[in-house]
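# Report on the structure
Each chain is listed here by its residues.
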Amino acid sequence: MTGRWLHIALGGLVSLALVLAAAALSAWPSWQSLPAGHGVIRLSFTHSGARTCRDRSQAELDALPRNMRQAQICERRRPPVHVEMDVDGRAVLARSLPPTGLSGTGPSRVYQNFELPAGTYDIALRLRDDPALVGYGDAAEFRIDLAPGQSVAIDYDPGSGGFFIH
Amino acid sequence: MGAARAALRRGFDRAERGLDIAFGPDWNPLAQLGPLGWFLFWIVALTGVYLFIFFDTGVEAAYGSVEWLSTDHWWHAGVARSLHRYASDLMVLVMFTHLVREWAMDRYRGARWFSWFTGVPVIWFVYLSGITGYWLVWDKLAQYVAVTTTELLDTLGLFGEPIARNFASPQMLSDRFFTLMVFLHIAIPLLLLLAMWIHIQRISEPRTRPPRGLAVITLGALVAGSLILPAPLLGQADLAQVPQSIALDWFLLGLYPVIESVPAGVIWAGCVVFTVLLAGLPWLPHRADPPAAEVFLDHCNGCARCVADCPYAAITLEPRSDGAPFRFEVAVDPARCVACGICMGSCPSSTPFRRSGDLITGIDLPQRPLAQLRAEVIDAAEALAGPGRVLTLACGHGAGGAEARGRIVLPCVAMLPPSLIDFILSRGLAEGVCVAGCAERDCQNRVGAAWTKARFGRSRDPYLRARVPRERVLTVWAGPTEPGRLEAEVSAFSARLADMAPYGPVRQIGAEEKQEARAKAIGRSAAE
Ligand code: HEM
Ligand code: SF4
Ligand code: SF4
């Protein structure tokens, strides 16, 4: 075998070796994203802090045109939402979530993963969306059996009764 | 940095010499990385169109269709899928090897900055194309990519609602997301194509197609590899689960483990720093090219040979401006000229035989004009002695890059007007001429080797005159790690010349003419 046929054979072998090496690296070695025997609890929700409003005084009302005389005046900016989470009585999260948007008119949001060894956990959640409030506006407790590789999503929606699990 | 570059350059030269044996210099893949990148792109594009025929969009349907084509129809659609994946992987490999090689060969600075600078977005589009592609399969790998990517994107705070929430549980994912991903996976590769096209705009006759033999070998190897190791498909994505151990594509997704382990701010800063530093490399430090080629209209007839021969599209044909009876003249864009001198070698006015008046040609290098080159040849010839005198005209990027007795080092051997060889032999300056170019597989100035061969082979103007005895001209193509071979070939050539009968038509150059030539070279530089 000489000339171009030799090049096709030799070059072909070299190229095939390269393709096979690339194919191998295209799926190996595996990456262990989550430690073996662990699962994930994801706390994720968006929720707007309560509006901050006050009543208008009579003098203020009189100064307004008749069609704009609303009894209350509200700030456009939302207050932060405070959220806390405990796992088996241990605090894993206590955060004040600022509002989003350039002028703070958007909802607060949280997206947090907790990688835990498989097992049973008591999860306690508390939320305060109005700084004027003493204590918490909403709270919930769940018992979660977390299997290895399981993903549990905790959400919050006051319309469906507060915290809930998907 | 200079030492690192030289070492890398020699490393490439060694590896390429090995591949020269396996593939032949003209099919050497390391010398064809740009064209191979284009070829791989087209393989990916065509297999992508084919796969799209069978692909269903939707949370449930997507995986089912990929599984169907990978198992039931493995022999055509499954192979197309493996080709699509492995050609993309090779594209990453080819791209980075190409990048390092262009750096090692110092082809990215000075007037050549444009190709480098516009190569940087290409890297991003290649990665983004790959990432959106993996997403579509909607297996566990896709799920991992989707979650990791959206979690990273959310740290930018650009989206009202965290997009990672879409993947927090099975209930939250909608088909709309797949429609978006399909759109992105078509739009981004189109942007990639645009970026690749811009990348080669400052190069004349860019090589976007590898030689047919290399294309056949590459495609054949890809098909064989796809049959031997078909692309794997992990289990279907399940958002109620977290993929634990994932078979990652380390070419396209190799940075995902880093994204997981390092704070997002570091990742974003890293991306910005990498991009800015890489794009700025041509100026870190800048290398100024020697002064650009200069046109002398009195000696230019507008034949446009230099326009056709310039490797960097630096010369343009313009309407005649000086009233001479020709239609055209030429103009050099100094911002694009690297001063390779190839245009000087192509100009019909570059004739060293001329004695009357100054030796000026139509297009000349200010720092190395033809008159000076002629004087250098005369001087170098005087250093030669004995029978079998060989004058070597060497490319500075090849085996003969170092100064030596009887050797003239040039930016490119295609800078030689073929008549200079005729001049050397017929005026008795040497018994033989060795033209020592850089490695044959890939000329430092892209086309210098090709034009030199074509001129000597009398298929491209200006021809090497038929009267020049070919047995007295030796061409050697050798890279920087082969000075030994060059020396050996020159010695053997010299021995052959010594055994030959003297070259008949020599009209020995006289002392007076030599003096005159030297004076004109000095006159030219003084005039600058
Ligand atoms: C897959 C992606 C890429 C493809 C398909 C590609 C393709 C090409 C092609 C076809 C050429 C012209 C070769 C010739 O005709 O001589 C070229 C030259 C070049 N490329 Fe790329 N390229 C890619 C990525 C890059 C990247 C990422 C960089 C660096 C950031 C880069 C830097 C260069 C340089 C410096 C040249 C040389 C220009 C010259 O000779 O003056 N390329 N590329
Ligand atoms: S020296 Fe001539 S051929 Fe070379 S880049 Fe400049 S104009 Fe083009
Ligand atoms: S090759 Fe010479 S004569 Fe022809 S256009 Fe160029 S400069 Fe003018």
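All figures in this text were calculated on a predicted structure; none of them were measured in a lab. Every chain is numbered on its own, with residues counted from 1 as its sequence reads. Going through the entries in the order they are written, you letter the chains from A and number the ligands from 1. Thresholds applied to this predicted model are a pLDDT of at least 70 for local features of residues and 80 or more for the giving and counting of side-chain atom pairs; totals over whole chains, interfaces and linings are not thresholded and use all residues. Computation of side-chain values covers all heavy atoms of the structure but excludes hydrogens and water.

## Observations regarding the overall build of chain A
Using the following cut-off: Here a strand is any run of E in DSSP of at least two residues, a helix any run of H or I of at least four, and the numbering for each starts at the N terminus. Restricting the calculation to C-alpha atoms gives the radius of gyration, and the globule rule supplies 2.2 Å times the number of residues raised to the power 0.38. Relative accessibility under 20% of the residue-type maximum defines a buried residue, over 50% an exposed one, and the middle range a partly exposed one, all with a 1.4 Å probe and only protein chains included. Should any heavy atoms of two residues lie within 4.5 Å, those residues are counted as being in contact. In this tally, Asp and Glu contribute negative charge and Lys and Arg positive charge; neither His nor the terminal groups of the chain are included. Here the site of a charge means NZ on Lys, CZ on Arg, CG on Asp, or CD on Glu.
When you go through chain A residue by residue, the secondary structure sums to 2 helices and 11 strands. Across chain A, helices and strands are ordered from the amino to the carboxyl terminus as α-β-β-β-α-β-β-β-β-β-β-β-β. A globule of 166 residues ought to have a C-alpha radius of gyration of about 15 Å, yet chain A, at 29 Å, is considerably larger. On the principal axes, the C-alpha backbone points of chain A span a range of 105 × 45 × 25 Å. Expressed as a percentage of its 166 residues, the buried residues of chain A come to 37%. Intrachain contacts of chain A at a sequence separation of at least 6 include 59% that bridge at least 24 residues. Charged side chains of chain A number 16 positive and 16 negative; the gap between the two group centres comes to 11 Å.

## Brief notes about the site of ligand 1
All names here are of chain B. Just so we agree on the cut-off: One heavy atom within 4 Å of a molecule or strand is enough for the residue carrying it to be called near that molecule or strand. Pairs of N or O atoms are called polar contacts if they sit within 3.5 Å, as long as, within protein, a hydrogen donor faces a hydrogen acceptor (for residues adjacent in sequence, only side-chain-to-side-chain pairs). Any residue that is not Ala, Val, Leu, Ile, Met, Phe, Trp, Tyr, Cys, Pro, Asp, Glu, Lys or Arg is counted as polar, Gly included; the first ten are nonpolar and the last four charged.
In the vicinity of ligand 1 there are 24 residues, among which His-98, Arg-112, His-199, Arg-207 and Arg-446 approach most closely. Between His-98 and ligand 1, the recorded distance is 2.7 Å, taken from a side-chain N or O atom to a nitrogen atom. A distance of 2.8 Å separates an oxygen atom of ligand 1 from a polar atom in the backbone of Arg-207. Those elements that place two or more of their residues in the shell around ligand 1 are α2 (33-54), α4 (74-104), α5 (113-137) and α7 (175-199). Looking at the shell around ligand 1 element by element, the count peaks at 6 residues for α5. Grouping the amino acids of the shell around ligand 1 by side-chain chemistry returns 13 nonpolar, 6 polar and 5 charged.

## A look at the side chain of Arg-78 of chain A
Residues and elements named next belong to chain A. Within the secondary structure, Arg-78 is located in the loop between β4 (72-74) and β5 (81-87). Within the structure, the side chain of Arg-78 is placed 2.8 Å from the backbone oxygen of Gly-49, a separation counted as a polar contact. Among residues more than four places away in sequence, those in contact with Arg-78 are Ser-48, Gly-49, Ala-50, Arg-51, Pro-99, Gly-104, Thr-105 and Gly-106.

## What about the site of ligand 2?
Taken together, Cys-310, Pro-311, Tyr-312, Ile-315, Cys-337, Val-338, Ala-339, Cys-340, Gly-341, Ile-342, Cys-343 and Leu-365 of chain B make up the full set of residues near ligand 2. Its residues assigned to classes, the shell around ligand 2 comprises 11 nonpolar, 1 polar and no charged.

## Things to note about the interface of chain A and chain B
Rules: Summed over both partners, the accessible area lost on bringing two parts together, with a 1.4 Å probe, is the buried area. Think of a salt bridge as a Lys or Arg side-chain nitrogen and an Asp or Glu carboxyl oxygen that are within 4 Å of each other. At least two bridges found by DSSP between two strands is the condition for calling them paired.
Counting residues at the interface gives 45 residues for chain A and 52 residues for chain B. Buried area between chain A and chain B, summed over both chains or domains, comes out near 3,900 Å², and the portion from carbon and sulfur atoms is 60%. Considering only the surface of chain A that becomes buried against chain B, Ser-26, Trp-31 and Arg-109 of chain A emerge as the three largest contributors, covering 18% of it. At the junction of chain A with chain B, the criterion picks out 3 salt bridges. Across the pair Arg-42 of chain A and Glu-151 of chain B runs a salt bridge whose closest N-O atoms are separated by 3.5 Å. For the pair chain A and chain B, the interface holds 25 residue pairs in polar contact (both at pLDDT 80 or more). Breaking the side of chain A that touches chain B down by element, the ones donating at least two residues are α1 (3-25), β1 (30-32), β2 (38-47), β7 (108-117) and β10 (151-157) of chain A. If one sorts the elements of the side of chain A that touches chain B by residue count, α1 of chain A sits on top with 17 residues. When the residues that make up the side of chain A that touches chain B are grouped by side-chain class, the tally is 24 nonpolar, 17 polar and 4 charged. Both β1 of chain A and strand β1 (residues 245-247) of chain B contribute to a ladder of 3 bridges, which runs antiparallel. Bridge assignment links Ser-30 of chain A to a residue of β1 of chain B, and that residue is Ala-247 of chain B.

## Remarks on the sheet that holds β5 of chain A
Residues and elements named next belong to chain A. Applicable threshold: Every axis in this analysis is a line fitted to C-alpha atoms, fitted for helices over the stretch in contact. Angles between the N-to-C directions lie between 0 and 180 degrees.
One open sheet holds the 4 strands; their spatial order is β6-β5-β8-β9, and the pairing between them is antiparallel. What marks the edges here is a single partner per strand, and that holds for β6 (90-97) and β9 (138-146). Each adjacent strand pair in this sheet contributes to an overall mean axis angle of 15°, direction not counted.

## Focus: the environment of Ala-195 of chain B
Residues and elements named next belong to chain B. Looking at where Ala-195 falls in the secondary structure, it is placed in helix α7. Residue classification places Ala-195 among the buried positions, given a relative accessible area of 9%. If near-sequence neighbours (up to four positions away) are discounted, Ala-195 is found in contact with Thr-118, Val-122 and Phe-125.

## Section: helix α14 (residues 418-426) of chain B
Residue and element names in this part refer to chain B. Of all 9 residues that make up α14, 9 are buried, and the element is covered over most of its length. Along α14, the residues that are buried comprise Pro-418, Ser-419, Leu-420, Ile-421, Asp-422, Phe-423, Ile-424, Leu-425 and Ser-426. Close packing links the buried residues of α14 with α12 (342-346), α13 (370-382), β6 (390-395), β8 (432-437), α15 (448-456) and β9 (473-477). Taken from the residues just after α14, Gly-428 is the one with a positive phi, measuring 70°.

## Quick look at the confidence of the model for chain B
Filter applied, for reference: pLDDT is defined as a per-residue confidence score from the predictor, taking values between 0 and 100.
Here chain B averages 94 in pLDDT, and 99% of its residues register 70 or above. Taken together, the chains of this predicted complex give a pTM of 0.94 and an interface ipTM of 0.93.

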